[in-house]
Amino acid sequence: MRIVLVNPPSPWLIEPNQFPPLHLMYLGTVLQKGHDIKICDMEESLPKADAYGFSATTPQYPYALDLAKNIKEYKVVGGAHASAIPIECGNDFDAVVVGEAELLINNIFNQKSKGIVRCPNPNHLQIPKVNRSLVNIHNYNYPIGKDMIPATTIITARGCPFSCAFCSEPKQVRFHPLNTVLEEIKEIHELGFEGILFLDDIFTINTERCIRISKECKKYRIKYRCYARPYLKEDLIQKMAENGCVEIGMGIESASQRILNLNQKGTTVENNRKTIELCKKYGIAVNAFIMIGLPGETRETVEETKKFILETKPEKFGYSVFMPYPGSPIYNNPEKFNIKIHPLNYRKMWTKGRKGEYECFVETEELTRSEIITLHENVYKELSEQLNWRRDWSK
């Protein structure tokens, strides 16, 4: 059977070809043993096939529908949006896949399953080694660190045990087999990449494993970027720096402790500040992710967050407008968080994208939708100007 796996367009992205679609590549790795597989990544038209598999986030879902509406062959949808609200997707696709599909994806296509298919998540031994030849891996490049080192992506663990109210429900962390991870690092080196972006929700969640993987990067002179919670001990930061870590992305979200507590972040402003300082001490660039419009947001808390960024001076920052994504605690219980959710336009439900095109679908007790957008634009402009953001970066 010829199967086309589809990552729908994401037209809000400034640079869409930075990350290869690893989620589809994992499924393709499983399916290729019995089928002819083609991956279409953010393409506006699809080739002929016997069956189609779509994976979509919430803002991608309308674009998946655009592509799927004229397809008469068997078609399946999965991904974050379908997993959060599968009933909504049932009228547009033959089957809706909930969860990680590696264990059932062959059965789904072979049997042409109908309706909602709930998939058990694979354990650490059932996660395959991804086949990077399913796409032209060199068409993708995400530059990391101050030297803009060309990097590709890798996942070493799935799941996050924490319960942030703006995110999906916590999932058990499952580590990919260490030997598989080490093989992938060697493979990436042989492909000619000098950098790696680890896409794990929290790369540092297991200190010993983090250090072991870091040492493997150093072995091949690979630099890397990862994501971490801002609760890193100094000795770990030092070891990461010594073994190739050049950049860490961390969710700061807000510099208001009240907002962090209300949104179940489980972090403190003090630790956020300390971790940024320690990363700077050892030469690791920090990409601080902050957000506007969370439950509890006021003009005062926006100012607190702006002041925090100006004082800590991270090398990079990402400033997002909060989106109430389906499946998140805030989406499910807005009254509990004292926030009003307006009718959602999925096409506009991205958190980071083209300047001047942001929309907001919530209002807090003190800020309207339009006020949140205006504050976002003004604060972003001020932070960018005062920090000379990316002055020494190529983009």
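Residues numbered from 1 in each chain as written. Predicted model: local features only at pLDDT ≥ 70, side-chain atom pairs only at ≥ 80, totals over all residues. Heavy atoms only, no water.

(A) Expanded view of helix H11 (residues 299-312). Given a rise of 1.5 Å per residue, 14 residues ought to cover 20 Å, and the 20 Å separating the end C-alpha atoms of H11 matches this to within 8%. Residues of H11 that are buried include every one of Thr301, Val302, Thr305, Lys306, Phe308, Ile309, Leu310 and Thr312, and no others. Looking at the buried positions of H11, the neighbouring elements they touch are strand E13 (245-253), helix H9 (257-262), helix H10 (269-281), strand E14 (285-292), strand E15 (316-321) and helix H13 (369-386). The N-capping residue of H11, defined by a side-chain oxygen 3.2 Å from the backbone nitrogen of Glu300, is Thr298. Within two residues after H11, Lys313 carries a phi angle of roughly 50°, on the positive side. (Helix = DSSP H or I, 4+ residues; strand = E, 2+ residues; numbered from the N terminus. Expected span 1.5 Å × (residues − 1). Buried < 20%, exposed > 50% of the residue type's maximum accessible area, 1.4 Å probe, protein only. Contact = heavy atoms within 4.5 Å. Polar contact = N/O pair within 3.5 Å; in protein donor to acceptor, adjacent residues only side chain to side chain.)

(B) Fine view of the state of the cysteines. Inspection of the entire model under this criterion finds 0 disulfides. Residue Cys217 stays outside any disulfide, its sulfur separated by 9.3 Å from that of Cys245, the closest cysteine. Just so you know, Cys360 is unpaired, no disulfide at all, and the nearest cysteine sulfur is the one on Cys167, 18 Å from it. Looking at Cys360, the relative accessible area reads 3%, which means it is buried. (Disulfide = S-S within 2.5 Å.)

(C) View of the packing of helix H7 (residues 207-219) against helix H8 (residues 234-242). Between H7 and H8, the least distance of the axes is 8 Å, while the angle of their chain directions is 20°. One finds that H7 runs roughly parallel with respect to H8. For H7 against H8, the interelement crossing comes out left-handed. In this structure, H7 uses Thr207, Cys210, Ile211, Ser214 and Lys218 to contact H8, whose residues at the interface are Leu236, Lys239, Met240 and Glu242. (Axes fitted to C-alpha atoms, helices over the stretch in contact; angles between N-to-C directions. Parallel < 35°, antiparallel > 145°, perpendicular 65-115°, else oblique. Left-handed = near helix turned anticlockwise from the far one by under 90°.)

(D) Structural view of the sheet that holds strand E11 (residues 195-198). Judged by pairing direction, the sheet is mixed, and its 7 strands sit side by side in the order E7-E8-E11-E12-E13-E14-E15 without closing on themselves. With partners counted over all chains shown, the strands left at the sheet margins are strand E7 (142-144) and E15, one partner each. Between one strand axis and the next, the sheet turns by 30° as a mean value, whatever way the strands run. Helix-sheet contacts for H10 involve E13 and E14, and the interaxial angle to E13 is about 165°. (Pairing = 2+ DSSP bridges.)

(E) Representation of the confidence of the model for the protein. On average, residues of the protein score 94 in pLDDT, and 98% of them reach the 70 mark or higher. Counting interchain partners and residues more than four positions distant, the pLDDT-below-50 stretch residues 391-395 has 12 contacts. (pLDDT = per-residue confidence, 0-100.)

(F) Representation of the pairing of strand E6 (residues 115-118) in the model. In the sheet, strand E5 (residues 95-98) pairs with E6 via 4 bridges, with the strands oriented parallel. Bridge pairing in E6 links Val96 to Ile116. Handedness of the crossover joining E5 and E6 through helix H5 (residues 105-111) is recorded here as left-handed. (Right-handed = clockwise from strand over helix to strand, strands pointing away.)

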